[in-house]
Amino acid sequence: MSSLTDISSSTVLFVLFSVFCCLSVHLEAQLQVGFYSQTCPSAEQIVREEVVKGFMNNQGIAPGLVRMHFHDCFIHGCDGSVLIDSTSTNTAEKDSPINNPSLRGFEIIDNAKTRLEAQCSGIVSCADILAFAARDSIAITRGPFYNVPAGRRDGRVSLATDVKSNIPAPNFNLNQLTQNFGNKGLTQDEMVTLSGAHTIGRSHCSILTNVDNRLYNFNGTNGPDPTLDSKYVAQLQQQCPNGSNDTNSAVPMDPASPSVTDSDYYCNLLANRGLFTSDQSLLTDSTTANAVNQNSRNQFLWFLKFKAAIVKMGQIGVNTGTDGEIRTNCRVIN
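Residues numbered from 1 in each chain as written. Predicted model: local features only at pLDDT ≥ 70, side-chain atom pairs only at ≥ 80, totals over all residues. Heavy atoms only, no water.

The name given to the chain in an unreviewed UniProt entry is Peroxidase, with the source organism recorded as Saponaria officinalis. According to UniProt, the comment filed for the chain under the heading Subcellular location (unreviewed entry) is "Secreted". Regarding the chain, the relevant UniProt record gives this comment under Function (unreviewed entry): "Removal of H(2)O(2), oxidation of toxic reductants, biosynthesis and degradation of lignin, suberization, auxin catabolism, response to environmental stresses such as wounding, pathogen attack and oxidative stress." (UniProt positions renumbered as here; feature names shortened; annotations may be inferred.)

K.L.:
Lay out the nonpolar core with the relevant residues and their values.
P.N.:
Grouped together as the largest cluster of nonpolar side chains are 64 residues, with contacts concentrated most on Leu 116, Leu 282 and Met 313. Apart from residues lying up to four places away in sequence, Leu 282 is in contact with Leu 174, Leu 177, Met 191, Val 192, Ser 195, Tyr 265, Leu 269, Thr 288, Ala 289 and Val 292. Core analysis: the next-biggest nonpolar cluster, separate from the first, contains 13 residues, Leu 215, Leu 228, Cys 240 and Val 251 among them. (Core = buried A, V, L, I, M, F, W, Y, C linked by side-chain atoms within 4.5 Å. Buried < 20%, exposed > 50% of the residue type's maximum accessible area, 1.4 Å probe, protein only. Contact = heavy atoms within 4.5 Å.)

K.L.:
Mind laying out the UniProt feature "active site" (unreviewed entry) in the chain, listing which residues take part and the relevant values?
P.N.:
Listed under "active site" (unreviewed entry) in the UniProt record, and renumbered for this structure, are His 71. With respect to the element layout, His 71 can be found in helix 3 (residues 61-73). Judged by relative accessible area, which is 1%, His 71 ranks as buried. Ignoring any residue separated from it by four or fewer positions in sequence, one finds His 71 in contact with Ile 98, Asn 99, Leu 103 and Ile 167. (Helix = DSSP H or I, 4+ residues; strand = E, 2+ residues; numbered from the N terminus.)

Okay, structure coming up:
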């Protein structure tokens, strides 16, 4: 990781300006840091405690919660709709093939909500609990801590049919990724920045051998993606046999440090070891490739940008004021 002296003054000023602008958005969205300081002062502490307990039992909880926050915000905005259970008359977001079984950590949100309802009933939204939990998951994996503007209210709609058209696929190219994030009000650079969250977590082999087949039949070539590092291909093929549908079989997104939020993700891309096509596509354009290079060289700078980008993402399409509701049970609409 480069020292602070490697960052130009203009770059620092740009990043700090971006952070300021991002944090200022909460005035429009009616979200604010410390939203529960008077109505439920221990809200964030309780969520943090549940995340820590979950992480101690299973380190996969942290990337699961970060991913869940992302999937929540990209469908109907950050309204906790991803937490709602399916019913006999509706298949909810969490049961879309894209989300099930890849999302995890629902029990952490449940545990936090149960404690919060006992202490301050009807005050803390499920959407805010999820946003806090994602922040704490980044911090517990040695990533940057950031303040979360809160005041979200919970949505009342959760449809599995809305997932595919909103969540970027692992085989997306750069144009598709840029458009997908742009549709949510996020810039291309913020897309590159948020993609760094792939530094933690894992992917099921079924995605690598069926959805994004870079290992055996890339673009119908009956062979692996030629841009993928050959040693990495051999390693992945050993871990994920051709046609594998075993939902228990998975590989880490970042083999070197799968439970640490760091800039290794970008180093992997430069070594042609991006796990998904969508990851490696960040090098197919000079602008995004320059951002990848910059992030790989300077973790401090990436941390600054990541904090601003994820706070901005957490304000997509939020319900505030009297919109939505405060769910008593995060799995069920009131």
